[in-house]
Amino acid sequence: MSVPIKIGFLQPYSSLYPYYAEHLLTGFFLGFDRDPFRQNDIQFIPYFTETGAGNKCAEGIKKLIHIDKVDMISGLISYASLPEILPLLETYNKLGFFFDLGENIPHFDYLGDNAFFSSNQMWQCEFALGRWASKQFGSPIGMIMPMYEAGYHLHSSFNQGVSLGAGGNILLKVIDSTKTNPHLVIPAPAIAEMKAGKPSVVHALFSGPSGLQFLNDWHQAGLNKEIPLIVNENMVYEEWLSDVRHLGLEMYTASTYDPRNERKENRRFVQKFRSIAGQDTNMYALLGYEGGLIFKELFSYLQKKDFDKVKSLLKTEKVRGPRGERNFYPESGFSIPEIDILKVKTSNTSIDRLVVERGKGLLYNEAILKDIRDATPSGWKNPYMCI
């Protein structure tokens, strides 16, 4: 019987998706072509990193290496924590294979040779939305977001998309949380202020309950179908939008993944996840699954503990998964995701998504990425939607 590969898993807290780790790891094992409950090839050892700050990730890596004797490091992280993570991977010569939603853009100057990423590249959707919206609706474009969302590269990606599209003015409103409750966001006053500016379209960037509150307030203000509304991808995830679908909302978004896609790789993923988890797929399960696909390809080297060979191959290898080609090393150039611009309409009985255009993403060697990063000098280090 072979000794299992031990992988340390950095696991932050998320009130919005409390079961993301279970979904991610289930997806991973399914991509790896193993039954999550019956396999003994890989053992994940979790370490709770609270809100995912860099110092907590560093503490976790040291404990996992010294006490748990793990072979490599994984987990859900924010790129903002990499300055604390990467030196440890290099000091101990450990492979790091991480997952992220793509709320930030990685900095090339300190990625190194040990870190690889299964990323959703959410910022690509924002860039594509900005480029499309400026051409579709003209100027001025309104943007509303809480302080939390303003700490990432999502809004700056949208802004740069506008600049590379038809251009135009941005009416920006950042909502601070209430003094009595730092997690409570009240969108209604900002919506009224935005309406007075007569925008051609409004882009809302929210997550979780604050996103639901925004959609309720938007509807209450009588702006549904009056002013075109664009929302970020996670605001129309089925598990959230179903709570407000009775409002008869109409809005636009961009997405890199459609669970209904008839691509054979996606049908296989959806069927496997439903049979094991008893529920529909989600973004965390997909990220895990894509990571599992590449680990399946490299498993013979992992068994030999030949991590130098694994790292070498991870720099160039690609897999074809449920949403097309994926790769895992930014400096080699992440594959540009297939981006759909969607019109979303809700009713009491359904949530309908219609593809209206194919979005255009960015290559990782384009100079504009520096402008996107520099527009957000933020201390936020927790992964997006881990609040």
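In the annotation of an unreviewed UniProt entry, the entry for the protein reads ABC transporter substrate-binding protein, and the organism field reads Algoriphagus formosus. Under the Sequence similarities (unreviewed entry) heading, UniProt states for the protein: "Belongs to the leucine-binding protein family."

It is not clear to me how the sheet that holds strand 4 (residues 96-100) should be interpreted in this structure. Could you clarify?
Strand order in the open sheet formed by five strands is 2-1-3-4-5, and the pairing between neighbours is parallel. Where the open sheet ends on each side, the last strands, each with one partner, are strand 2 (42-48) and strand 5 (115-119). For this sheet, the mean inter-axis angle between neighbouring strands, taken without regard to orientation, is 25 degrees. Sheet topology note: the strand 1 (residues 5-11)/strand 2 ladder contains seven bridges and is parallel. If you follow Ile5 over to strand 2, its bridge partner there is Ile42. Of the strands in this sheet, strand 1, strand 2, strand 3 (72-76), strand 4 and strand 5 touch helix 10 (residues 283-303), which is tilted by about 165 degrees from strand 4.

Explanation requested: helix 3 (residues 82-91) in the structure shown.
The α-helix advances 3.6 residues per turn, and as a result positions three or four apart in sequence lie on the same side. Along helix 3, the residues classified as buried are Leu82, Ile85, Leu86, Leu88 and Leu89. The buried residues of helix 3 occupy an angular sector of 165 degrees when the element is viewed end-on, so they sit on one face. Buried residues in helix 3 make contact with strand 1, helix 2 (54-66), strand 3, strand 4 and strand 5.

What counts and how
Residues numbered from 1 in each chain as written. Predicted model: local features only at pLDDT ≥ 70, side-chain atom pairs only at ≥ 80, totals over all residues. Heavy atoms only, no water. UniProt positions renumbered as here; feature names shortened; annotations may be inferred. Pairing = 2+ DSSP bridges. Helix = DSSP H or I, 4+ residues; strand = E, 2+ residues; numbered from the N terminus. Axes fitted to C-alpha atoms, helices over the stretch in contact; angles between N-to-C directions. Contact = heavy atoms within 4.5 Å. Buried < 20%, exposed > 50% of the residue type's maximum accessible area, 1.4 Å probe, protein only. Arc of directions from axis to C-beta.

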